[in-house]
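A structural walkthrough
Residues per chain, in single letters:
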Amino acid sequence: MTDNPSNGPPGRTRKLLPSLVLAAAIGAAAAGLVAFILRPAPPPDVEPRREAPAVAPAPPQTAAPPQADVSRSRGRTDWIFFFKPGDQLARMSDEAPLGLVIRLEKTHTFPDGTTGPAYLLQVPEGGQRFVDADEVERGARLQ
């Protein structure tokens with residue numbers, strides 16, 4: 001038997017082959033990553049230009065007068081009340097007492113003719129008054 005010096009020991013070749021395959025896979029992954037990072041940005045989407053129809057200019061608009069906070073509860077019959085009878089309420093802005101919740105009204109007719117849910121409050125000045133449910137829930141907290 002002749003020894004061929006170009007061939008290494010058979011065990012060494014078997015150990016070297018998986019390392020070469022792993023190195024080739026890592027190299028391919030690195031090359032793909034570099035190609036992904038360095039790729040040029042895609043062109044922006046361009047919509048075809050459309051000719052605007054000839055329209056007379058609109059008259060200048062006047063500013064609408066500021067509206068008071070519109071109640072979200074007016075006209076609603078499915079309102080879920082946040083406070084319950086017996087709750088003592090205070091105004092959030094200045095901690096002034098608002099009153100004691102006496103009862104909840106699902107449908108109350110307000111002086112302006114609208115209807116909606118309301119709280120009947122025992123006010124600190126004495127007496128009782130109905131207050132819009134949305135108004136109370138936006139500006140009051142438990143005392």
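This text goes with the structure placed above it.
Everything quoted here is computed from the prediction, not taken from an experiment. (Residues numbered from 1 in each chain as written. Predicted model: local features only at pLDDT ≥ 70, side-chain atom pairs only at ≥ 80, totals over all residues. Heavy atoms only, no water.)

1. Considerations on the sheet that holds strand β4 (residues 128-132)
Formally: At least two bridges found by DSSP between two strands is the condition for calling them paired. The helix and strand labels rest on DSSP assignments: H or I over at least four residues marks a helix, E over at least two residues marks a strand, and numbering proceeds from the N terminus. To obtain each axis, a line is fitted to C-alpha atoms, and for helices this fit is confined to the stretch in contact; angles are then taken between N-to-C directions over 0 to 180 degrees.
On the basis of which strands lie adjacent, the open sheet formed by five strands has the order β4-β3-β2-β1-β5 and antiparallel pairing. The open sheet has two free edges, formed respectively by β4 and β5 (140-142), since each of these has just one partner strand. Within this sheet the neighbouring strands show an average axis-to-axis angle of 45°, counted without direction. Two strands pair when backbone bridges link them, and strand β3 (residues 115-122) and β4 are joined in this way by five bridges, in the antiparallel orientation. Within β4, the position partnered with Leu120 by the bridge is Phe130.

2. Things to note about a nonpolar patch on the surface
We count it as follows: Candidate patch residues must exceed 30% relative accessible area and have no salt bridge, after which like charges are joined if within 9 Å and Val, Leu, Ile, Met, Phe, Trp or Tyr side chains if within 5 Å. Where accessible areas are quoted, they stem from the Shrake-Rupley method and a 1.4 Å probe; at the residue level, only the protein chains shown are allowed to cover. The rule for a salt bridge is simple: a side-chain nitrogen of Lys or Arg has to be within 4 Å of a carboxyl oxygen of Asp or Glu.
A surface patch of nonpolar side chains, amounting to about 550 Å² of accessible area, comprises Leu33, Val34, Phe36, Ile37 and Leu38. Among the secondary structure elements, Ile37 is positioned in helix α1 (residues 10-37).

3. A look at the packing of aromatic side chains
How two aromatic rings sit relative to each other is given by the distance of their centres and the angle of their planes. What counts is decided by this rule: Ring geometry is summarised as follows: Phe, Tyr and Trp rings, the Trp one being its six-membered ring, pair when their centres sit within 6.5 Å, and such pairs are stacked at plane angles under 30 degrees, edge-to-face over 60 and tilted between the two. Type-normalised accessible area, obtained with a 1.4 Å probe on protein chains alone, sets the label of each residue: buried when under 20%, exposed when over 50%, and partly exposed for intermediate values. The rule is short: NZ of Lys or CZ of Arg within 6 Å of the ring centre and within 35 degrees of the ring normal puts a charge over the ring.
Scanning all chains against the criterion turns up three aromatic pairs. Ring geometry for Phe81 and Tyr119: centres 5.2 Å apart, planes at 80°, overall edge-to-face. With a gap of 38 residues between them, Phe81 in the loop between α1 and β1 (88-91) and Tyr119 in strand β3 connect regions that are remote in the sequence. Overall, Phe81 belongs to the buried group, its relative accessible area being 16%. On the basis of relative accessibility, which here comes to 0%, the residue Tyr119 falls in the buried class. Through a chain of ring-to-ring contacts, the aromatic side chains of Phe81, Phe82, Phe83 and Tyr119 assemble into a single cluster. It is Arg39 that lies over the ring of Phe36; its NZ or CZ is 4.2 Å from the centre. Directly above the ring of Phe110 sits Arg74, whose terminal nitrogen or CZ lies 3.7 Å from the centroid.

4. A short note on the nonpolar core
Just so we agree on the cut-off: Residues enter a nonpolar core if they are buried and are Ala, Val, Leu, Ile, Met, Phe, Trp, Tyr or Cys, with the set joined through side-chain atoms within 4.5 Å. By definition, residues are in contact when any of their heavy atoms lie within 4.5 Å.
The biggest cluster of nonpolar side chains holds 13 residues, and the ones touching the most others in it are Phe83, Leu89, Val101, Tyr119, Leu121, Val136 and Ala140. Going through the elements one at a time, β2 (97-109), β3 and α2 (133-139) are the ones with two or more residues in this core. If we ignore the near neighbours within four places in the chain, the residues touching Tyr119 are Phe81, Phe82, Phe83, Val101, Arg103, Leu104, Arg129, Phe130, Val131, Ala133, Val136 and Glu137.

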